[in-house]
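Here are the chains, one letter per residue:
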Amino acid sequence: DAPFPSEEYKAASRIMPRFVPVTDAHNSVEENKGAIRRVFSKWTRPFITLFSDSDPITAGGEKSFAFVPGGKGQKHKTIKGAGHFLQDEKPEDLSDALVQFIRDNPMENFGEAKL
């Protein structure tokens, strides 16, 4: 129930997911998808996706980034037992995955970032 002191404070967080543009029926979805494709189709530096298994907003989001060249061969992960606030609900799992990603991809192996 944190960070909400009472039920009346939860109204906005319950309705907000309806406004997240995730289907083609929402305005700006194609603009966002186009921007993602334009930027990330050229991204060759290491790239990882870490999602939770119970987030109603980003569910299946990892599939949206499967085309990123820098993500090939990385240890993408769906963390079980967490919702939208993955960093609060499963901080150890998230941290472990990020630390492993950093260890697996030392920066000295890469030149200057380019897009």
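Shown above is the structure to which this text applies.
Residues numbered from 1 in each chain as written. Predicted model: local features only at pLDDT ≥ 70, side-chain atom pairs only at ≥ 80, totals over all residues. Heavy atoms only, no water.

1. Quick look at the nonpolar core
(1) Moving on: If you look at the biggest cluster of nonpolar residues, it comprises 8 residues: Ile48, Leu50, Ile79, Ala82, Leu86, Leu94, Ala97 and Phe101.
(2) Moving on: Excluding residues within four positions of it along the chain, Phe101 makes contact with Pro46, Phe47, Ile48 and Gln74. (Core = buried A, V, L, I, M, F, W, Y, C linked by side-chain atoms within 4.5 Å. Buried < 20%, exposed > 50% of the residue type's maximum accessible area, 1.4 Å probe, protein only. Contact = heavy atoms within 4.5 Å.)

2. What about the packing of aromatic side chains?
(1) Moving on: Scanning the model with the defined rule gives 4 aromatic pairs in all.
(2) Moving on: Plain terms: the ring middles of Phe40 and Phe65 are 5.7 Å apart, the flat faces sit at 85° to each other, and that makes the pair edge-to-face. One end of the pair, Phe40, is in helix H2 (residues 29-40); the other, Phe65, is in the loop between strand S1 (50-52) and strand S2 (77-79), and 25 residues separate them in sequence. (Phe/Tyr/Trp six-rings, centres within 6.5 Å; stacked < 30°, edge-to-face > 60°. Helix = DSSP H or I, 4+ residues; strand = E, 2+ residues; numbered from the N terminus.)

3. Let's talk about the environment of Pro106
(1) Moving on: With respect to the helices, strands and loops of the structure, Pro106 is situated in the segment after helix H4 (91-104).
(2) Moving on: Given the relative accessible area of 24%, Pro106 is considered partly exposed.
(3) Moving on: As for Pro106 and Pro46, which are separated by 60 residues in sequence, their C-alpha atoms are 9.5 Å apart.

4. Examining the side chain of Thr49
(1) Moving on: Within the secondary structure, Thr49 sits in the loop between H2 and S1.
(2) Moving on: Assessed through its relative accessible area of 6%, Thr49 is described here as buried.
(3) Moving on: Leave out the neighbours within four places in its chain, and Thr49 touches Glu62, Phe65, His76 and Lys77.

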